[in-house]
Structures are given as C-alpha cells and as structure tokens.
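# Structural overview
The lines below spell out each chain.
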Amino acid sequence: VFLGFVAFFVLGSLATRAGRRIKERRGIAQARGGRRGAAHAIANVGVAAVLSLGVVAGEHPQWFLLGAVGALSTAAFDTVSSEIGQAWGRTTILPTTGRRVPPGTQGGVSLLGTAAGLAAAVAVAGVSLGGSSHGALGFGMVVAGALLGSTLESLAGATRQVRELLDSHALNFCNTAVGGGTAYALARWAGV
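Residues numbered from 1 in each chain as written. Predicted model: local features only at pLDDT ≥ 70, side-chain atom pairs only at ≥ 80, totals over all residues. Heavy atoms only, no water.

Of the regular secondary structure elements, the protein holds 8 helices and 2 strands. The helix and strand sequence of the protein, counted from the amino end, reads α-α-α-α-β-β-α-α-α-α. Whereas a compact globule of 192 residues would reach a radius of gyration of roughly 16 Å, the protein reaches 16 Å, a difference of no more than 12%. Summarising its shape, the C-alpha atoms of the protein cover approximately 50 × 30 × 30 Å along the three principal directions. A burial count over the protein gives 44% of its 192 residues as buried. Look at the contacts in the protein between residues 6 or more apart in sequence, and 72% of them connect residues 24 or more apart. Approximately 9500 Å² of the protein is accessible, and the part contributed by carbon and sulfur atoms is 64%. (Helix = DSSP H or I, 4+ residues; strand = E, 2+ residues; numbered from the N terminus. Rg over C-alpha atoms; globule rule 2.2 N^0.38 Å. Buried < 20%, exposed > 50% of the residue type's maximum accessible area, 1.4 Å probe, protein only. Contact = heavy atoms within 4.5 Å. Areas by Shrake-Rupley, 256 points an atom, 1.4 Å probe, with all protein chains shown as cover.)

Written out as structure tokens, the structure is:
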C-alpha cells in the first residue's frame, strides 16, 4: 500500500504542475502554487489510511488491501483527470445535462481528462498490486471502484444542491470512500 501512496502523491503533484500557466490564465489553477493543506490530504488519503490499518490488523487483510488501493486509485483518478482536463481538455461537459461548460467547472468532465484519470488509476493499482497474488481480478476491482467513485463525484459536483451541502474536500472524501468501499465490497463478495 505504501507504494500506492507514493504513486498517488507523485502523479497528483505532476498533474497539478502540468499546464500550470494555462490554468493560471484561465483562473482555475490550484491556489498557493498547487501546495495543498491537511484538509486536502485527509480528503484524498484518509480513507486509504484507515483501510490500511485493516491490512495489518484485519481478519481478511486482502479485502482491506484492495479497498485501500481502490481509495488511492480513486484519488489519483480524480486529481489527474481534473488537472489534465482543466489544462488540455478540448470540450468540457456537465454529465447531468450534457451541456458544454468552461474548464474548471465543478463536475465538468472532458474526454482527455477522463482518459488521463483512468491511466492514473491503472498506474496506482499496478504499482500497488504488482507483486501481490490478487491478479487481474483484484486489479479490475480496484479500477472499477476508481471509475465508479470518480463518476459519482462528477455527477454530485454537477448538482447544485450537492455543491451547496458539500465542499470540494467533502466530495473528495466521499469519492475515495466510494472507490475504496467498492473495491473492498467486490473483494469480499468474490472471496478474493
């Protein structure tokens, strides 16, 4: 799991820096030069950290491992898709309406951003599970969780009522909880 944390932080940092001038020109670059605070870290890796405790102390550590990696892969998907999509995504749409919106609109998605996010989720899953015995099935569970969590976050972020209730940190926390929870639940259901 440790390598998954490292992979997430490296990919997230690189994606935040990528296209920084473009994002600054558009007024959508991360504040403070992309440096993030404790609330952001907890929102993105808190779920993975809690699930990691089950890897060493849980009755079925393999389920907790897949859940923790699922949460990290989801965080990577979300961060990379947002940062790359904001800089280079050609068309950004709201998934709830199908309407074009400016890059950086909460809940907006672009094809390039989504592809980059999926690649980041696959990379984190690969780094984290490369030496494990979980094989393609466990890998698929993790990536499925990342895809589901990120899709639901985009839908939630595109909904005005949700944006009024939850800030971006809360949405990120929910995103990783869905991704990690999905991977954990699939592992438990399959008896991996």
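Here the narrative resumes, following the displayed structure.
A few words on helix α1 (residues 2–17). Its 16 residues give α1 an end-to-end C-alpha distance of 23 Å, which sits within 8% of 22 Å, the value for a rise of 1.5 Å per residue. For α1, the complete set of buried residues consists of G4, F5, A7, F8, G12, A15 and T16. Axial view of α1: buried residues confined to an arc of 165°, hence all on one face. α1 presents F2, L14 and R17 as exposed residues on the side facing more than 90 degrees away from its buried surface. Residues of α1 that are buried in the fold lie against α2 (20–26), α3 (38–57), α4 (61–88) and α5 (111–129). One or two positions beyond α1, positive phi appears at G19, with a value near 65°. (Expected span 1.5 Å × (residues − 1). Arc of directions from axis to C-beta.)

Before going further, it helps to examine the packing of aromatic side chains. Scanning all chains against the criterion turns up 3 aromatic pairs. Note on W63 and Y184: the rings are 6.2 Å apart at their centroids and 90° apart in plane angle, and the pair reads as edge-to-face. With W63 in helix α4 and Y184 in helix α8 (residues 168–190), the pair connects residues that are 121 residues apart, well separated along the chain. When sorted by exposure, W63 lands in the same class as Y184, which is buried. (Phe/Tyr/Trp six-rings, centres within 6.5 Å; stacked < 30°, edge-to-face > 60°.)

As enumerated under the stated definition, the model contains 3 salt bridges in all. Of the charged contacts, one joins R20 and E24 as a salt bridge, the two residues approaching to 3.2 Å between their closest N and O atoms. On the criterion of helical spacing, the pair formed by R20 and E24 is a turn pair, its members being 4 residues apart in helix α2. E24 sits in the partly exposed class, given a relative accessible area of 44%. Notably, a salt bridge pairs R160 with E164, separated by 2.8 Å at the nearest N-O pair. Here E164 and R160 lie together in helix α7 (residues 160–165), a separation of 4 residues that amounts to about one turn. A residue is classified by how much of its surface remains accessible, and R160, at 48% relative accessible area, is partly exposed. (Salt bridge = Lys/Arg side-chain N within 4 Å of Asp/Glu carboxyl O.)

Everything listed here is a matter of coordinates, which is why it stays silent on function.
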